[in-house]
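Overview (structure and organization)
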Amino acid sequence: MAGRSPWAEDTARAVLAPHVGTPGALLPMLHALQETFGCIDESAVPLLADTLNLSRAEVHGVIGFYHDFRRTRPGRHIIKVCRAEACQAVGAESLLDHVRRSLRVDDGGTTADDAFTLQVVYCLGNCALGPAVMIDETLHGRVTPARFDTLAAEQREGAP
Amino acid sequence: MTPTRVFVPRDAAALSVGADAVAEALAAEATRRGEAVTLVRTGSRGLLWLEPLVEVERPDGTRHAYGPVTPADIPDLFEAGFLEAAPHPLGHGPTAGIPYLKEQQRVTFARCGVIDPVSPGDYRAHGGLAGVTRALEMTPEDICAAITDSGLRGRGGAGFPVGVKWETVRAAPGPQKYIACNADEGDGGSFADRILMEGDPFLLIEGLTIAGLATGATAGFLYLRSEYPHAIATMRAAIRIAEAEGWLGDGIHGSAHTFRLHLRVGAGSYVCGEETAMLESLEGKRGEVRARPPLPAHAGLFGCPTVVNNVLSLAAGPSILAEGPEMYRTFGVGRSRGTQPFQLAGNIRRGGLVEVGFGVTLHDLIHRFGGGTRSGRPVRAVQVGGPLGAFVPGDGLDLAADYEVLAAAGAMLGHGGIVVFDDTVDMAAQARFAMEFCALESCGKCTPCRIGSQRGVEVLDRIAAGVDRDANLALLDDLCTVMAEGSLCAMGGLTPNPVKSALRHFPEDFDRPARAAAE
Ligand SMILES: Cc1cc2nc3c(=O)[nH]c(=O)nc-3n(C[C@H](O)[C@H](O)[C@H](O)COP(=O)(O)O)c2cc1C
Ligand code: SF4
Ligand code: FES
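Residues numbered from 1 in each chain as written. Chains lettered and ligands numbered in written order. Predicted model: local features only at pLDDT ≥ 70, side-chain atom pairs only at ≥ 80, totals over all residues. Heavy atoms only, no water.

Regarding its fold elements, chain A presents seven helices and four strands. Each helix and strand of chain A, placed in order from N terminus to C terminus, yields the pattern α-α-α-α-β-α-α-β-β-β-α. With respect to the three principal axes, the spread of C-alpha positions in chain A is 50 × 35 × 25 Å. In chain A, which comprises 160 residues, the proportion classed as buried is 55%. Considering only contacts in chain A between residues 6 or more positions apart, those separated by 24 or more positions represent 66%. Computed over 15 positive and 20 negative side-chain charges, the inter-centroid distance for chain A is 3 Å. (Helix = DSSP H or I, 4+ residues; strand = E, 2+ residues; numbered from the N terminus. Buried < 20%, exposed > 50% of the residue type's maximum accessible area, 1.4 Å probe, protein only. Contact = heavy atoms within 4.5 Å. Lys, Arg positive; Asp, Glu negative; His and termini not counted. Charge placed at Lys NZ, Arg CZ, Asp CG, Glu CD.)

Contacts between the two partners involve 57 residues from chain B and, on the opposite side, 36 residues from chain A. For the chain B and chain A pair, buried surface summed over both sides reaches about 3,600 Å², with 58% attributable to carbon and sulfur atoms. If you sort the residues of chain B by the area they bury against chain A, Ala267, Arg374 and Phe433 of chain B come out on top, with a joint share of 16%. Our enumeration of links across chain B and chain A arrives at one salt bridge. For Arg83 of chain A, the salt bridge goes to Glu436 of chain B, with nearest N and O atoms at 2.9 Å. Counting across the chain B and chain A interface gives 24 residue pairs in polar contact (both at pLDDT 80 or more). Listing elements by their share of the side of chain B that touches chain A, those giving two or more residues are α1 (12–16), α11 (229–245), β8 (260–265), α12 (275–282), β12 (339–346), β16 (417–422) and α17 (427–441) of chain B. For the side of chain B that touches chain A, the leading source of residues is α17 of chain B, giving six residues. Among the residues forming the side of chain B that touches chain A, the class breakdown is 26 nonpolar, 19 polar and twelve charged. (Buried area = accessible area lost by both parts, 1.4 Å probe. Salt bridge = Lys/Arg side-chain N within 4 Å of Asp/Glu carboxyl O. Polar contact = N/O pair within 3.5 Å; in protein donor to acceptor, adjacent residues only side chain to side chain. Nonpolar A, V, L, I, M, F, W, Y, C, P; charged D, E, K, R; others polar.)

Applying the stated criterion to the full structure yields 19 aromatic pairs over all chains. Ring geometry for Phe65 of chain A and Tyr66 of chain A: centres 5.0 Å apart, planes at 75°, overall edge-to-face. Judged on exposure class, the residue Phe65 of chain A and its partner Tyr66 of chain A are both buried. Put simply, the rings of Tyr122 of chain A together with Tyr270, Phe433 and Phe437 of chain B touch in pairs and so form one group of aromatic residues. For the cation-ring pair, Arg63 of chain B lies above Phe7 of chain B, with the distance from its terminal atom to the ring centre recorded as 3.5 Å. (Phe/Tyr/Trp six-rings, centres within 6.5 Å; stacked < 30°, edge-to-face > 60°. Lys NZ or Arg CZ within 6 Å of the ring centre and 35° of its normal.)

Residue and element names in this part refer to chain A. Taken together, the four strands give an open sheet; going across it, the order is β2-β1-β3-β4, and neighbouring strands pair in mixed fashion. Looking at the sheet topology across the chains shown, the edges are occupied by β2 (116–121) and β4 (138–140). When strand polarity is set aside, the average angle formed by the axes of neighbouring strands in this sheet is 20°. Where strand β3 (residues 133–135) meets β4, three bridges bridge the pair, whose relative direction is antiparallel. Its bridge partner lying in β4, Ile135 is registered against Thr138. Against the sheet, helix α7 (residues 145–157) engages β1 (77–82), β2, β3 and β4, with an angle of about 140° to β2. (Pairing = 2+ DSSP bridges. Axes fitted to C-alpha atoms, helices over the stretch in contact; angles between N-to-C directions.)

Residue and element names in this part refer to chain B. The immediate surroundings of ligand 1 are formed by 20 residues, with Gly156, Asn182, Asn309, Asn310 and Ser313 found nearest. Gly186 has a polar backbone atom sitting 3.2 Å from an oxygen atom of ligand 1. For ligand 1, the accessible surface in isolation is 610 Å², of which the surrounding protein chains cover 92%. Put simply, the parts of the chain that give the shell around ligand 1 at least two residues each are β9 (306–310) and α20 (490–494). In terms of residues, the shell around ligand 1 owes the most to one element, β9, which gives three residues. (Near = heavy atom within 4 Å. Areas by Shrake-Rupley, 256 points an atom, 1.4 Å probe, with all protein chains shown as cover.)

Residue and element names in this part refer to chain B. With parallel pairing, the four strands of this open sheet are ordered in space as β8-β7-β6-β9. The open sheet has two free edges, formed respectively by β8 and β9, since each of these has just one partner strand. Put simply, the sheet's adjacent strands are angled 20° from each other on average, direction ignored. Both strand β7 (residues 219–224) and β8 contribute to a ladder of six bridges, which runs parallel. Residue pairing in the sheet places Tyr223 in a bridge with Arg264 of β8. Contacts between helix α13 (residues 311–323) and the sheet are confined to β6 (178–183) and β9, with β9 contributing the most and set at about 95° to the helix.

The next thing to look at is the environment of Pro496 of chain B. Turning to its location among the elements, Pro496 of chain B is positioned in helix α21 (residues 496–505). Not counting residues within four places of it along the chain, the set of residues in contact with Pro496 of chain B comprises Cys480, Met483, Ala484 and Ser501 of chain B.

Turning to unusual backbone geometry, a few remarks are in order. A negative phi angle characterises most non-glycine residues, just as the trans form characterises most peptide bonds. In this model, Glu51 of chain B is joined to Pro52 of chain B through a cis peptide bond whose omega is -10°. In this structure, Arg104 of chain A is a non-glycine residue whose phi angle is positive, near 55°. Here Arg104 of chain A shows up in the loop between α6 (92–103) and β2. In this structure Arg104 of chain A comes out as exposed when scored by relative accessible area, which is 75%. In the Ramachandran plot, Glu185 of chain B falls in the positive-phi region, its phi being about 25° despite a non-glycine side chain. Within the element layout of this structure, Glu185 of chain B appears in the loop between β6 and α9 (192–199). With relative accessibility at 5%, the residue Glu185 of chain B sits in the buried group.

Before going further, it helps to examine the site of ligand 2. Close to ligand 2 lie 13 residues, the nearest being Cys443, Lys445, Cys446, Cys449 and Cys489 of chain B. For the shell around ligand 2, the per-class residue count stands at eight nonpolar, four polar and one charged.

What follows is the structure in structure tokens.
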């Protein structure tokens, strides 16, 4: 999966460099930072504000608007469970309950062993083969609770 | 011996049910047996219930289908002689003869699942670039006129005539104009944009280029949702290849024209699919909806005249120019011309992509193509056109899928997603979800949407709990009216659609506690 390295300003500057001068660069920059650090650290805000000549409030406003951007470092793997209509029609709500219970996490939360962060999403484009789950960037279809347990166990075993 | 070509999709849906493992097992088994096999990774044919769908090419060029294949089936398939297209319990005969596909009218999706999506040679060999070649010989006015004559309307939801929008941007003054392609595909139950971008990305690039030539725009932005990492990777690769081929950049296709394409990734906001919110997002801001006027066609991205079109609208352009607007018009009915890629989703036996002319009935789509529910239970409700679309009851499906017919019935086509629910669905919960989703995704700019949707959730919770049912139903009705009339965009404006249609067709679901008490 993507990186989760601790904040380092020189790394951050290097990550932002290719986007400097691009019109409307803030979203690509936020994505690039999250790709490297796993989240948008508070220290990124003044750096972005300086780089783009925006106020800190503006940067905060943008980060807060988008569901994708996290303010805290996630677990080793990110589990996205689809809760949109087509997946609901084939049991997404009960799958999601199972995921919350079996991992002992709330939506957006990270498991105690730091293995998983649960993110509820609305459509992964796999609506004919739901319920859909994405673990890191691997998409899974027709996910039953039992299948989910297998997938989660595989991730745990493969974990560093 | 020339190797036999075997095709395995690399589309995200196919991967989600194990296509990579199937491809690996296939290659390993071929090596073990000393069979000469060339493995080609394609997009999806859209027959998603058969994924992973493996195809074998015969010397005469016909392709034979097997699916759904698991790695465990591979030795048996070889044993049965599938490389010679021998019969097998997983076999479906020639792919083109599978009724689900045979009865479609594939125009936009003709190449999808057939070619290697990132092979420029495949693209050309299968008729690619004919549209842009034609466009390069035409005047911008004539390109816009051809699109208008085809009857093509926007496939993103609002159904606005595409040629008219292009002509407005063409005629708008300004040194810099843009094409902004809306690939945000946020509607639950829709995936046609994704399948197209993963299966035939050069078609979208060609469509964008044609829009550029038609309007004088020299740059395009593709706003692609972050939930689609596979589509992002395929489009990135395709853009790089197109640049290397001289299809994008300066002097495209050996002409004097410039067209550059930039890919931007969304960030998980549904409302950023609304065109002006998308423009704000492309500018690096919060995805708040803009008040109109000005129209994006006059002052859009960075204040410049901008065409905003859905992926499927732009992807229809190349065939219209290559084969003529008359060809495209022959499909469809009334004022809904051409083909529409419908997406059968949810509780459906044969889910997938069905591209046919407008006018097909919902019943045909769900029962003839889709085979009814996956659970085998009766169809109780169908939501057409995404989270802002109305619910249609299972016994009311004799409606033609046509912009005007659906509108007259209080429904809408939207992006062509069709979500099927069986008789275990709780429609009061679905109505609540519609309000909850609006509250979650509202851009916050206007009160009826931002606050109304939160109130809607609370009111529906009280109704579900049996508290003051009649008073709360009246309150819900008022809330819906305020949202429908007082919202700046269709997010707040159309959320009452699913809520009110659920109430109208399934009132019994809003009366559960009362009934439970009586029983
Ligand atoms: C809340 C909301 C979400 C929308 N989401 C999308 C979307 O994901 N994709 C899309 O093409 N259009 C979407 N639209 C419609 C766009 O505003 C716009 O009409 C469309 O992109 C224009 O392109 P077209 O004419 O080719 O359809 C959405 C509209 C609203 C109000
Ligand atoms: S209706 Fe909702 S989403 Fe649309 S502009 Fe108003 S607050 Fe924003
Ligand atoms: S509704 Fe779940 S993947 Fe689309």
